[in-house]
Amino acid sequence: RVPLIRETFEDYVAKNGAVFPDVNDNPSDVGHIAMPPMRLGMNYGIGTFCIIETGRTPAYEVFGPGVALAARMQSTSQANRLHMSGAMKEVLERLDKERLFEYDAPRKTVVKGQGSVASYFVRSASVRVPDEVLQHLGIEHANRRVYYEG
């Protein structure tokens, strides 16, 4: 387990000399808390959710074709990358009015029972810097684009 370090914003800046660590240099290190490499998968589709009570603690289960495709996106992803189905990309593009996400070229992913499906990796995302941080630094507005490379 990685211990959670609690410190004020001023203490962090004084100790580290920078407000934000550069995650492009080392995406596994986001400052003073080291993040393990993760593979992420997303899909938009039908799924079933249920709660199973077999004792004192209920168990939660999610299954269906939508969940299976999300699991396949995760299993075929790369470390520190988000891999999504074509359906998920279409939904995000409709909702992403500010074009915060950029995607790699489509690729084909073989999915059991569905054959070959189009899938995408997120190439980069714009991250809005919190207003409290900007006010503290005397800056009116700032965005940051983070690139994810595999």
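All of the points below concern the structure found in this document. (Residues numbered from 1 in each chain as written. Predicted model: local features only at pLDDT ≥ 70, side-chain atom pairs only at ≥ 80, totals over all residues. Heavy atoms only, no water.)

For the structure on display, the rule yields 4 salt bridges. For Asp-104, the salt bridge goes to Arg-123, with nearest N and O atoms at 3.2 Å. In this pair, Asp-104 is assigned in the loop between strand E5 (101-103) and strand E6 (107-111) and Arg-123 in strand E7 (residues 115-128), connecting sequence segments 19 residues apart. Looking at Asp-104, the relative accessible area reads 17%, which means it is buried. A single salt-bridge network, built from bridges that share partners, covers Arg-81, Glu-102, Asp-104 and Arg-123. (Salt bridge = Lys/Arg side-chain N within 4 Å of Asp/Glu carboxyl O. Helix = DSSP H or I, 4+ residues; strand = E, 2+ residues; numbered from the N terminus. Buried < 20%, exposed > 50% of the residue type's maximum accessible area, 1.4 Å probe, protein only.)

What follows concerns helix H2 (residues 65-75). Buried residues of H2: Gly-66, Leu-69, Ala-70 and Met-73, and no others. Considered in projection along H2, the buried side chains sweep an arc of 100 degrees and stay on one side of the axis. Those residues of H2 that are buried are in contact with strand E1 (39-42), strand E4 (81-85), E6 and E7. (Arc of directions from axis to C-beta. Contact = heavy atoms within 4.5 Å.)

What follows deals with the nonpolar core. One finds Leu-82, Met-84, Met-88, Leu-92, Tyr-103, Tyr-120 and Val-122 forming the largest nonpolar core, which totals 7 residues. If you list the elements that add at least two residues to this core, you get E4, helix H3 (86-95) and E7. Beyond its immediate stretch of four places on either side in the chain, Val-122 contacts Arg-81, Leu-82, Met-84, Phe-101, Glu-102, Tyr-103 and Tyr-148. (Core = buried A, V, L, I, M, F, W, Y, C linked by side-chain atoms within 4.5 Å.)

Right, let's get into the packing of aromatic side chains. Enumeration over the complete set of coordinates arrives at 1 aromatic pair. Centre to centre, the rings of Phe-49 and Tyr-60 are 6.1 Å apart; their planes meet at 20 degrees, and the pair counts as stacked. One end of the pair, Phe-49, is in strand E2 (residues 48-53); the other, Tyr-60, is in strand E3 (residues 58-63), with 11 residues separating them in the sequence. Residues Phe-49 and Tyr-60 agree in their burial class; the two are exposed. The cationic tip of Lys-89 hangs over the ring face of Tyr-103; the distance from NZ or CZ to the ring centre is 5.1 Å. A cation sits over an aromatic face here: Lys-89 above Tyr-120, 4.6 Å from the ring centre. (Phe/Tyr/Trp six-rings, centres within 6.5 Å; stacked < 30°, edge-to-face > 60°. Lys NZ or Arg CZ within 6 Å of the ring centre and 35° of its normal.)

Just geometry here; none of it tells us what the structure is for.
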